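Residue-level listing of the chains:
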Amino acid sequence: MATGGWDWGGDESPLRFDDPVEWDAAYERGEDSLGSAAIGLAFNCSLAEASPRIVRAMQLPDIGQRGFAFTAAGTAARLNGELTPELYAALRAEGHGRRSMAENAIDDTLDHVAFRQLPPWFKWQMVRMTVQNKLEYWCDADHGRGRRCAAGPARSPLLRARGAMARSAGGVATTE
């Protein structure tokens, strides 16, 4: 369906999309590819223009398009070095973890937004991930020398999971 200046059913790449008003109209019509077009908005529009549309795309019923919306949020963080309060709130609501659609967007935010500009929850995530990564590094270094992990398996669910996977694969558990 071609309405406005954009052919939503055509071959044109949604990454070139740059019209927030047309995105709003397409959202009202229920067009496909709105998450992909949100990435285009992140690339081609100001953060203030793209942000509310990215947040709306994060609630699309199509899980694939929702995933693209989270990619748009990460892209906005990379390009602008900041996010809007609405984007921070949407990412926090989705959470950080292996099964979260927001995991990469949160990681991009932590990598590309200055620590002093992050909201408190994001600062906490940065500290938590830094400590977790350091513990994993120390444990890997200890095991290379044949010693037990100083953190101990009871203190790190991630390390316990890695040990369980190694045991089930017939390998030697490195965390116990």
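None of these values were measured; they are calculated from a predicted model.

What counts and how
- Residues numbered from 1 in each chain as written.
- Predicted model: local features only at pLDDT ≥ 70, side-chain atom pairs only at ≥ 80, totals over all residues.
- Heavy atoms only, no water.
- pLDDT = per-residue confidence, 0-100.
- Helix = DSSP H or I, 4+ residues; strand = E, 2+ residues; numbered from the N terminus.
- Contact = heavy atoms within 4.5 Å.
- Polar contact = N/O pair within 3.5 Å; in protein donor to acceptor, adjacent residues only side chain to side chain.
- Axes fitted to C-alpha atoms, helices over the stretch in contact; angles between N-to-C directions.
- Parallel < 35°, antiparallel > 145°, perpendicular 65-115°, else oblique.
- Left-handed = near helix turned anticlockwise from the far one by under 90°.
- Nonpolar A, V, L, I, M, F, W, Y, C, P; charged D, E, K, R; others polar.
- Salt bridge = Lys/Arg side-chain N within 4 Å of Asp/Glu carboxyl O.
- Buried < 20%, exposed > 50% of the residue type's maximum accessible area, 1.4 Å probe, protein only.
- Expected span 1.5 Å × (residues − 1).

S.K.: Explain the confidence of the model for the protein residue by residue, including any values.
M.R.: Here the protein averages 82 in pLDDT, while 73% of its residues score no lower than 70. The lowest-confidence element of the protein is strand 1 (residues 2-3), averaging 42 in pLDDT; the highest-confidence one is helix 3 (residues 47-57), averaging 97. Every residue in residues 171-176 is under pLDDT 50, and counting partners more than four places away or in other chains gives 13 contacts.

S.K.: Residues and numbers for the side chain of Ser100, please.
M.R.: Within the element layout of this structure, Ser100 appears in the loop between helix 5 (85-94) and helix 6 (103-112). In this structure the side chain of Ser100 is engaged in a polar contact, spanning 2.6 Å, whose partner is the backbone oxygen of Gly95. Sequence-distant contacts of Ser100, defined by excluding residues within four places in its chain, comprise Glu94 and Gly95.

S.K.: Tell me about the packing of helix 1 (residues 20-29) against helix 2 (residues 34-44), and name the residues and values.
M.R.: Any two packed helices are characterised by the angle at which their axes cross and by the distance between the axes. Direction vectors running N to C along helix 1 and helix 2 enclose 165 degrees, while the axes themselves pass 11 Å from each other. Classified by the angle between their axes, helix 1 and helix 2 sit roughly antiparallel to one another. For the pair helix 1 and helix 2, the crossing hand works out as left-handed. For the pair helix 1 and helix 2, the contacting residues are Pro20, Trp23, Ala26 and Tyr27 in the first and Leu34, Ala37, Ala38 and Leu41 in the second. A per-class count over the contact of helix 1 with helix 2 returns eight nonpolar, no polar and no charged.

S.K.: Outline the pattern of salt bridges, supporting the account with residue identities and numerical values.
M.R.: Under the counting rule described, the total for this entry stands at five salt bridges. Among the salt bridges present, the one from Arg53 reaches Asp24, with a minimum N-O distance of 2.7 Å. In this pair, Arg53 is assigned in helix 3 and Asp24 in helix 1, connecting sequence segments 29 residues apart. Its relative accessible area of 12% is what places Arg53 among the buried residues. The partner of Arg56 in a salt bridge is Asp24, and the shortest N-O contact between them spans 2.5 Å. One end of the pair, Arg56, is in helix 3; the other, Asp24, is in helix 1, and 32 residues separate them in sequence. Ionic contacts of the salt-bridge type, sharing partners, join the residues Glu22, Arg29 and Glu31 into one network.

S.K.: Could you give an account of helix 4 (residues 63-80), with specific residues and numbers?
M.R.: In a regular helix each residue adds 1.5 Å, so 18 residues correspond to 26 Å; helix 4 covers 26 Å between its end C-alpha atoms and thus fits that length. Inspection of helix 4 places Gln65, Ala69, Phe70, Ala72, Ala73, Gly74, Thr75, Ala76 and Ala77 among the buried residues, and these make up the whole buried set. Contact partners of the buried residues in helix 4: helix 2, helix 3, helix 5 and helix 6. Where helix 4 begins, the capping side chain belongs to Asp62, and its oxygen is found 2.9 Å from the backbone nitrogen of Gly64. Once helix 4 ends, the next one or two residues include Gly81, with phi positive near 70 degrees.

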